[in-house]
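Tertiary structure, described
This is what each chain is made of:
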Amino acid sequence: MKLAGAPDTDPRLAALAAADDATADASAADAIVLPCGAVVPQLELAVLVWNIRELGGGFHMPPARPDYCIDAYAALIAAMQADVCVLAGLRGTPERVVTSQDGVFTYADAVNDTGIAEAKKILASLQKAAADGDWALSTPADSSGVALYEGGTTSAFLYKKAGGRTLIGLDTLNGRADATLGLGGHLAHLSLKLPLEGDDPLTFDLLTPLGATAAKGEKAPTVDGTQPTSFVLAFSASDDLTAQRGPLDAVQSAVTADSRPLLAHGSVLGDSFWHATTRSAGGLLDDFTAIGAADLERHDAEMHWEALPDPKHAGTSTDVAGSVGDAVLTRNAEPRARYAVREVRVIDMMRAALGADEITTVGGDAAPCDEDSSLGAMRASHRTATPYLGPDAPTTPTNIVAECADFLHLLSDHWPVLATLVVRAPAPAAHA
Amino acid sequence: MAPLTIRAEQMRALRAPFLQRLFDAAIEHAHRCHADVAASLHGDDLAAHVHSAIDSAAAYDLASQRDVLRFVSLTLVFGGSWNDAPGTRWMHDALMPHAGASRDASMRLHAFYGEALARLSRGEIPAGSGLA
């Protein structure tokens with residue numbers, strides 16, 4: 001007998017509940033033989049994302065970095081065994097080109113591709129440091145080969161050709177402009193074909209912001225590509241992403257990215273105690289930060305007065321503070337996820353800059369890693385070439401960290417981020 | 001010794017008898033547990049739907065007979081192509097290996113099945129979107 005007043009049950013609920021009971025005795029062993037046995041065709045890919053601030057010149061940097069910096073970029077990419085490297089922050093140098101015809105001079109605004117020239121130097125150094133990778137460089141350009149910029153900035157991709165990897169294309173897509181994050185409205189899209197032994201090659205789609213916030217009235221770059229269904233987005237912002245979740249949410253929504261593993265460590269190097277203090281404390285009569293930049297003992301003695309808080313200096317690489325400005329996002333819109341992020345970590349550039357003998361005292365308690373001391377020789381060159389570091393500074397842990405920080409600021413205030421990705425084949429039809 | 005590589009056509013040959021058994025079981029399951037839906041599909045429509053559902057199940061890395069039958073049930077109730085419609089997008093997302101989700105596809109299906117039952121019991125899934 002049916003109960004009076006009993007609520008109607010959704011027939012779909014009853015059907016699904018009954019179906020669940022009916023499958024209880026079905027085999028839990030694999031019935032579909034998946035490709036390659038039970039293993040989905042896939043490979044692991046290491047992508048290094050490095051925002052090299054003002055590579056090619058800018059307000060803080062000259063058009064050409066010293067050779068030891070170029071070698072440092074290449075040495076780190078080689079040490080991390082990256083397969084693909086995104087270089088963001090490449091600048092062009094505005095210039096005025098003068099032409100003369102029949103005694104009439106014509107002036108035209110142009111851009112000297114100094115940042116791309118620097119990237120080519122990095123490629124040349126990388127080809128020596130990791131010759132077996134057969135590295136290549138690709139930069140966004142229009143159909144006539146003219147480099148594309150947004151806000152005077154562009155990006156570049158270094159990728160390994162070894163193992164038969166080939167470039168499918170590099171095009172430009174619409175993205176999301178956000179002045180807070182220093183983003184223009186366009187993305188650069190690299191597409192690579194990755195051979196897989198015994199199976200069809202995989203396609204790898206990597207997106208990154210083309211440049212920076214566009215200037216008022218700037219001509220937008222030509223959009224010549226369409227957004228791939230699934231992709232990896234390497235993202236580097238000028239602001240602290242943990243403090244500005246809203247703009248990052250908007251960027252994520254604009255490309256409908258579905259995964260956002262934010263870093264657990266800072267990727268943007270903060271200023272040292274005295275640099276920050278001199279900006280905020282107008283009462284300081286003398287500023288010794290430009291004299292003996294790696295002599296914190298002297299700064300403490302000369303600049304500290306009782307109205308200021310006690311100086312706080314990093315004595316190990318783990319004490320160095322910064323913020324999160326970089327992220328790696330994925331979008332998986334196909335039934336089988338094409339991309340999985342196995343690990344994203346910030347390269348500890350302080351450990352990279354330390355000499356092998358300094359790692360034990362200044363390197364902190366982190367486990368040994370690939371970057372350890374990979375830039376020690378380049379830091380030594382920086383010390384030789386930089387008199388303002390203070391040649392007579394005592395070799396204390398705080399001074400070593402300060403000297404490393406000075407060298408690292410020259411490379412970039414952003415530390416590179418290494419994303420270890422799993423790239424998987426799209427799902428084949430079971431009846432294929 | 002050089003490794004042996006199983007070619008695609010060999011893999012298809014290996015897979016064929018398993019798929020046929022699975023297909024037969026899924027058709028029987030549809031008639032037994034979703035008789036009204038199965039009856040409403042004309043001609044070869046039921047076979048086509050089950051073929052498509054088995055393909056989708058493989059794409060979500062569902063491989064066991066039990067998981068595939070449960071997945072077929074879900075497609076008979078809610079329809080296929082969950083990724084295309086806003087109302088069913090959450091179903092697709094539930095089976096995707098997102099960060100925070102189980103690494104095991106079978107576990108994701110189990111959680112999703114429970115969630116679907118819970119939402120149906122709360123009246124949160126409007127009727128008319130699927131085949132049922």
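As shown above, the structure is provided for reference.
I will try to describe carefully the structure that is included in this document. (Residues numbered from 1 in each chain as written. Chains lettered and ligands numbered in written order. Predicted model: local features only at pLDDT ≥ 70, side-chain atom pairs only at ≥ 80, totals over all residues.)

1. Details of the overall build of chain B
Helix and strand content of chain B: 6 helices and 0 strands. Buried positions account for 34% of the 132 residues belonging to chain B. Pairs at least 24 apart in sequence give 58% of the contacts found in chain B among residues at least 6 apart. (Helix = DSSP H or I, 4+ residues; strand = E, 2+ residues; numbered from the N terminus. Buried ≥ 20, exposed ≤ 12 C-beta atoms within 10 Å, placed from the backbone. Contact = placed C-beta atoms within 7 Å.)

2. Quick word on the sheet that holds strand β7 (residues 166-174) of chain A
Residue and element names in this part refer to chain A. Taken in spatial order, the 5 strands line up as β7-β8-β9-β10-β13 in an open sheet, and their pairing is mixed. With partners counted over all chains shown, the strands left at the sheet margins are β7 and β13 (326-331), one partner each. For this sheet, the mean angle separating the axes of adjacent strands, direction not counted, is 20 degrees. (Pairing = 2+ DSSP bridges. Axes fitted to C-alpha atoms, helices over the stretch in contact; angles between N-to-C directions.)

3. Points about helix α3 (residues 114-129) of chain A
With 16 residues, α3 of chain A ought to run about 22 Å at 1.5 Å a step, and its terminal C-alpha atoms sit 23 Å apart, in line with that. All of the buried residues along α3 of chain A are Thr114, Gly115, Ile116, Glu118, Ala119, Ile122, Leu123, Ser125 and Leu126 of chain A. (Expected span 1.5 Å × (residues − 1).)

4. A look at the sheet that holds strand β2 (residues 84-91) of chain A
Residues and elements named next belong to chain A. Read from one edge of the open sheet, 6 strands run β5-β6-β2-β1-β15-β14, paired in mixed fashion. Pairing within the sheet leaves two strands with one partner each, and these edge strands are β5 (135-138) and β14 (339-346). Averaged over all adjacent pairs, the angle separating strand axes in this sheet is 20 degrees, with direction ignored. Of the pairings in the sheet, the one linking strand β1 (residues 42-55) to strand β15 (residues 417-424) comprises 8 bridges and is antiparallel in character.

5. Some remarks on the environment of Met107 of chain B
Along the chain, Met107 of chain B turns up in helix α6 (residues 105-121). For Met107 of chain B and Asp67 of chain B, which are 40 residues apart along the polypeptide, the C-alpha to C-alpha distance reads 9.7 Å.

6. Concerning the packing of helix α4 (residues 65-78) of chain B against α6 of chain B
Residue and element names in this part refer to chain B. Running from amino to carboxyl end, α4 crosses α6 at an angle of 35 degrees, the nearest separation of the two axes being 11 Å. For the element pair α4 and α6, the recorded crossing hand is left-handed. Two secondary-structure elements touch here, α4 through Asp67, Arg70, Phe71 and Leu74 and α6 through Ser106, Leu109, Tyr113 and Ala116. A class-by-class count of the residues in the contact of α4 with α6 yields 5 nonpolar, 1 polar and 2 charged. (Left-handed = near helix turned anticlockwise from the far one by under 90°. Nonpolar A, V, L, I, M, F, W, Y, C, P; charged D, E, K, R; others polar.)

7. A look at the nonpolar core
Core analysis: the largest hydrophobic core is formed by 96 residues, its most contacted members being Val47, Ile77, Leu87, Leu158 and Val328 of chain A. For this core, the element with the most residues is helix α2 (residues 67-79) of chain A, which contributes 10 residues. Setting aside chain neighbours within four positions, we find Val47 of chain A in contact with Ala82, Asp83, Val84, Val86, Leu206, Val232, Ala234, Ala419 and Leu421 of chain A. Ala57, Ala63, Phe71 and Leu109 of chain B belong to the second-largest nonpolar core, a separate cluster that totals 36 residues. (Core = buried A, V, L, I, M, F, W, Y, C linked by C-beta atoms within 7 Å.)

8. Overview of unusual backbone geometry
Residue and element names in this part refer to chain A. Backbone geometry places Gln81, a non-glycine residue, at a positive phi of 55 degrees. Take Gln81: it is sitting in the loop between α2 and β2. We classify Gln81 as partly exposed; it has 13 C-beta atoms within 10 Å. In this structure, Asp134 is a non-glycine residue whose phi angle is positive, near 50 degrees. With respect to the secondary-structure elements, Asp134 resides in the loop between α3 and β5. Overall, Asp134 belongs to the partly exposed group, with 14 C-beta atoms counted inside 10 Å.

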